[in-house]
Amino acid sequence: MSPSKTASLRDWLASDRPTSRRQAFMGRVYHGCRDFSRNRLAMLGLFIVLGLIGVAIFADLLAPYSAYTGDLRTTRLLPPSWQHWFGTDDQGRDILSRIIIGSRITLMVVILVAVLAAPLGLIVGTVAGYAGGWVDAVLMRITDIFLAFPRLILALAFVAALGPGIQNAVIAIAITSWPPYARMARAETLTIRQTDYIAAVQLLGASPWRIVLGHIMPLCVSSVIVRVTLDMAGIILTAAGLGFLGLGAQPPMPEWGAMIANGRLYVLDQWWVAAAPGAAIFVVSLAFNLLGDGLRDALDPKAAK
């Protein structure tokens with residue numbers, strides 16, 4: 001593309017007087033990406049998250065050894081070396097390989113919880129905020145019940161009822177994660193439903209469901225996305241906590257929390273067994289927090305530019 005065409009495209013995207021909905025949408029995307037790219041810490045978080053996704057996709061190719069089998073006679077509890085960068089565990093398994101394969105479990109938990117919890121919270125919050133009255137009271141009291149318990153304690157109760165396993169852990173974390181999204185969506189809906197835009201849609205005869213699904217929810221999505229990204233670290237820590245307590249992923253799955261639990265018996269002499277998965281949890285959680293902060297600054301229309 002020639003420089004003149006590039007400049008004209010930039011001017012078209014940066015115009016403060018868009019002539020179409022497409023131009024307005026593309027302009028918002030352009031300004032958001034530009035603001036996000038200026039945040040170096042957010043870009044660092046994005047690169048780490050993209051690296052996690054890449055590692056999870058190509059885990060079988062990147063893992064130098066098997067994540068499930070080891071040699072108790074020759075490779076048990078070896079310290080970090082050129083052959084085993086992160087050392088080996090009590091079963092003689094390469095810890096780096098287990099962390100690489102375990103990134104798939106972490107990413108799967110994060111994605112599934114976000115897919116389950118965020119839409120549920122968005123629907124509950126927007127319906128409660130728009131309907132008001134007894135519908136709002138009932139939905140918010142249910143939300144308050146879930147918010148009254150610490151997330152990890154409530155997740156432990158659900159997993160104990162459902163049984164240990166990664167699938168039940170995902171369900172339990174999702175059940176305990178939706179209330180904050182509902183609260184946020186309701187607060188925004190209470191403001192949006194008073195606007196002239198919604199009044200005009202009502203005068204056109206749109207049904208309440210159409211107003212909620214087609215006009216209010218899209219305006220709340222950006223805030224929910226930011227909150228989901230910021231909650232990723234909490235989701236990872238909750239999943240690791242369940243794995244540490246033996247209620248999440250079951251052996252021999254290389255889940256990071258379970259790996260830390262396995263290494264706590266050797267933390268004084270063979271520190272690398274627990275330190276390596278702990279460092280992985282720390283780096284990924286920090287990356288999601290940095291990414292969430294950047295998205296909040298880029299997507300929040302009330303933020304100072």
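Residues numbered from 1 in each chain as written. Predicted model: local features only at pLDDT ≥ 70, side-chain atom pairs only at ≥ 80, totals over all residues. Heavy atoms only, no water.

K.L.:
Which parts of the structure should I look at to understand the pattern of salt bridges?
P.N.:
Should their charged atoms come close, side chains of opposite charge can pair. Inspection of every chain in the model, using the stated rule, returns 10 salt bridges. Of the charged contacts in the structure, one is a salt bridge between Asp 89 and Arg 98, with a shortest N-O distance of 3.9 Å. Each of the two residues, Asp 89 as well as Arg 98, counts as buried. A salt bridge links Asp 144 to Arg 141; its shortest N-O distance comes to 2.9 Å. Of this pair, Asp 144 and Arg 141 are both found in helix α6 (residues 133–147), 3 residues apart, which corresponds to roughly one turn of the helix. Note on Asp 144: relative accessible area 27%, which makes it partly exposed. Since its relative accessible area comes to 44%, Arg 141 is described here as partly exposed. (Salt bridge = Lys/Arg side-chain N within 4 Å of Asp/Glu carboxyl O. Buried < 20%, exposed > 50% of the residue type's maximum accessible area, 1.4 Å probe, protein only. Helix = DSSP H or I, 4+ residues; strand = E, 2+ residues; numbered from the N terminus.)

K.L.:
Would you take a moment to explain the side chain of Thr 143 for this structure?
P.N.:
Residue position: Thr 143 is located in helix α6. We classify Thr 143 as buried; its relative accessible area is 0%. Excluding residues within four positions of it along the chain, Thr 143 makes contact with Val 124, Trp 178, Pro 179, Ala 182 and Arg 183. (Contact = heavy atoms within 4.5 Å.)

K.L.:
What exactly am I supposed to notice about the packing of aromatic side chains here?
P.N.:
Geometrically, a pair of aromatic rings is defined through the distance of the ring centres and the angle of the planes. The tally for this structure, following the rule as stated, stands at 2 aromatic pairs. Ring centres of Trp 271 and Trp 272 lie 5.8 Å apart, and the angle between their planes is 80°; on these two criteria the pair is classed as edge-to-face. The ring of Phe 244 has Arg 264 lying over it, and the distance from NZ or CZ to the ring centre is 5.7 Å. (Phe/Tyr/Trp six-rings, centres within 6.5 Å; stacked < 30°, edge-to-face > 60°. Lys NZ or Arg CZ within 6 Å of the ring centre and 35° of its normal.)

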